[in-house]
Amino acid sequence: MTALTTTASRPRGGPRGLTWTLLRLHTAAVWFWALLVAVAAGCLLWAAVPGGDAAWTAYTSGGCDNGVVDEGCNLNAPAIELYGTAMYLGSAIINIAPLLIAIWAGAALIGRELENGTAKLAWTQSVTPARWLAAKLALPAGLLTAGTLLLVQLHRIMWQAHDSRWKGAGVWQWHDSQILISNGPVAVAHVLLGLAVGVLIGLLTRRSLASMGYGFFTMGGLLYALELVRPHLWPAKTATNPAATGQPPYIGMTVEEGGITPGGDRVPDLCLMSTDCMPGEDVVGYYRDYHPASHFWPLQLVETGVVLAVTAVLVVLSFRLLRRRTGDAS
């Protein structure tokens, strides 16, 4: 109650007093986020320079000819495994952050205060419900955006060093979900979506434990849905081959692949292994719809726009829900 009393004793303190109250109430969460960012940043920086150099030295000394990537190269050296672990951990933290944020925002940021009644106590003093919710959104959004932008920039530095050396090895691809998200602004959009999801669920359930469960499954479902629709956010290119040549090579993010009948109809890849959905004709060629590397930014920007639009809708719904329950028009 000390933090709320401090807010009440400074009725003209404006956003500053509310900001300090939030920081005091959620000091542990702020430090946890700082630690998470520090761990991810350390992994990415290490992988970008010393770890990457050591891994490349071990890789090319295992049977490669002047650094040319081939099957004789050593992919199991300890330095390479350590490098891969650091790279994976750095990008994994970026990808898992929206889930953690949704759980925290629903349970601790909103649900716990509504459950304990501390939010109502604040509303009866100098803080209106609308301003309370605005602060609950603005301060975490600023901290989350700053930390995620830093990690995205470090990940891009690491990826540029990685891609220039390891491109032919095929270990990591630009279109892998974990890499694609970590390399652009969509990572920032995802953490803001996690915050908005958690806040709305916290307002709906008004229970910390329930908000944790609903926040996890709701955000997990949204991330899974985004992964499914991502290949369809931008028009794909098509590569074809005659039947005698076989499937076109993998040259990017595959959207769809299959066979082509003499009549020009497309037969999905799964149908090629079954007689149930084949039109009774042999295929004369194969096709593959794909996104080349040049589609990285269109995919990034379209998904970022979609996610931010959904985030804005959730924020508006949160304010309307709060206003309906409290009658606050401010």
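Just above sits the structure.
Now for a description of the structure that goes with this document. (Residues numbered from 1 in each chain as written. Predicted model: local features only at pLDDT ≥ 70, side-chain atom pairs only at ≥ 80, totals over all residues. Heavy atoms only, no water.)

1. Points about the packing of aromatic side chains
Logical step 1: According to the stated counting rule, one finds four aromatic pairs in the structure shown.
Logical step 2: With a centroid separation of 6.4 Å and an interplanar angle of 80°, the aromatic rings of Trp174 and Phe296 are classed as edge-to-face. Of this pair, Trp174 sits in the loop between helix H7 (129–166) and helix H8 (177–182) while Phe296 sits in helix H11 (residues 296–326); the two residues are 122 residues apart in sequence, bridging distant segments of the chain.
Logical step 3: Exposure remark for Phe296: the relative accessible area of 9% places this residue in the buried category.
Logical step 4: The interplanar angle of 80° and the centroid separation of 5.1 Å between the aromatic rings of Phe296 and Trp297 together place this pair among those described as edge-to-face.
Logical step 5: According to the relative accessible area criterion, Trp297 is partly exposed, its value standing at 40%.
Logical step 6: Through pairs of rings, three or more aromatic residues link up here, namely Trp174, Phe296 and Trp297.
Logical step 7: Taking the ring centre of Tyr287 as reference, the NZ or CZ of Arg266 above it sits at 4.0 Å.
Logical step 8: Just above the ring of Tyr250 sits the side chain of Arg288; from NZ or CZ to the centre is 3.9 Å. (Phe/Tyr/Trp six-rings, centres within 6.5 Å; stacked < 30°, edge-to-face > 60°. Helix = DSSP H or I, 4+ residues; strand = E, 2+ residues; numbered from the N terminus. Buried < 20%, exposed > 50% of the residue type's maximum accessible area, 1.4 Å probe, protein only. Lys NZ or Arg CZ within 6 Å of the ring centre and 35° of its normal.)

2. Overview of the sheet that holds strand S4 (residues 285–291)
Logical step 1: Taken in spatial order, the four strands line up as S1-S4-S2-S3 in an open sheet, and their pairing is antiparallel. The sheet terminates laterally at strand S1 (237–242) and strand S3 (266–268), the two strands that pair on one side only. The average undirected angle you get between the axes of adjacent strands in this sheet is 35°.
Logical step 2: Direction of pairing for S1 relative to S4: antiparallel, over a ladder of six bridges. Note that in S4 the partner of Thr240 across the bridge is Tyr287. (Pairing = 2+ DSSP bridges. Axes fitted to C-alpha atoms, helices over the stretch in contact; angles between N-to-C directions.)

3. Regarding the nonpolar core
Logical step 1: Ile110, Trp132, Leu133, Leu195, Val199 and Leu203 are the most contacted members of the largest nonpolar core, which has 74 residues in total.
Logical step 2: Aside from chain neighbours lying at most four places away, what touches Val199 is Ala105, Gly106, Leu109, Ile110, Leu133, Leu137 and Ser318. (Core = buried A, V, L, I, M, F, W, Y, C linked by side-chain atoms within 4.5 Å. Contact = heavy atoms within 4.5 Å.)

4. Regarding a nonpolar patch on the surface
Logical step 1: The grouping of Phe32, Ile96 and Leu100 at the surface amounts to a nonpolar patch, some 260 Å² of accessible area in total.
Logical step 2: Turning to its location among the elements, Ile96 is positioned in helix H5 (residues 78–116).
Logical step 3: On the accessibility criterion, Ile96 (40% relative accessible area) is partly exposed. (Patch = residues over 30% accessible without salt bridge, like charges linked within 9 Å, V, L, I, M, F, W, Y side chains within 5 Å. Areas by Shrake-Rupley, 256 points an atom, 1.4 Å probe, with all protein chains shown as cover. Salt bridge = Lys/Arg side-chain N within 4 Å of Asp/Glu carboxyl O.)

5. A few points about the layout of surface pockets
Rolled over the atoms, a probe with the dimensions of a water molecule shows which regions are left empty.
Logical step 1: In this structure, the second largest pocket encloses a volume near 320 Å³.
Logical step 2: Along the walls of the second largest pocket sit 17 residues, with Ala29, Val30, Trp33, Trp104 and Leu144 positioned nearest its centre.
Logical step 3: At the level of elements, helix H2 (14–25), helix H3 (27–48), H5 and H7 are the ones that each hand at least two residues to the lining of the second largest pocket.
Logical step 4: Among the residues making up the lining of the second largest pocket, the classes are represented as 16 nonpolar, one polar and no charged. (1 Å grid on protein atoms, 1.4 Å probe; cavity = no way out; pocket = protein on both sides within 12 Å on 5 of 7 lines; lining within 4 Å. Points joined across faces, edges and corners; volume = space filled by probe spheres on them. Nonpolar A, V, L, I, M, F, W, Y, C, P; charged D, E, K, R; others polar.)

6. Points about the packing of H3 against H5
Logical step 1: The contact between H3 and H5 brings their axes to 8 Å, and the two run at 155°. Regarding the angle of H3 to H5, the classification is roughly antiparallel. The handedness of the crossing between H3 and H5 is left-handed. Taking contact as the criterion, the partners of Ala29, Phe32, Trp33, Leu36, Val39, Ala40, Cys43, Leu44, Trp46 and Ala47 in H3 are, on H5, Leu82, Tyr83, Ala86, Met87, Leu89, Gly90, Ser91, Ile93, Ile94, Ala97, Leu100 and Trp104.
Logical step 2: Residues of the contact of H3 with H5, tallied by class, amount to 20 nonpolar, two polar and no charged. (Parallel < 35°, antiparallel > 145°, perpendicular 65-115°, else oblique. Left-handed = near helix turned anticlockwise from the far one by under 90°.)

7. Focus on unusual backbone geometry
Logical step 1: Although it is not a glycine, Arg206 adopts a positive phi angle of roughly 55°.
Logical step 2: Along the polypeptide, Arg206 turns up in the loop between helix H9 (186–205) and helix H10 (208–229).
Logical step 3: For Arg206, a relative accessible area of 40% gives the class partly exposed.

8. Observations regarding H5
Logical step 1: Within H5, the axis deviates most sharply at Ile96, by approximately 40°, and proline Pro98 lies no more than four positions further along.
Logical step 2: Looking at the residues trailing H5, positive phi occurs at Gly117, about 85°. (Bend = angle between axes of the 7 residues up to and from the residue.)

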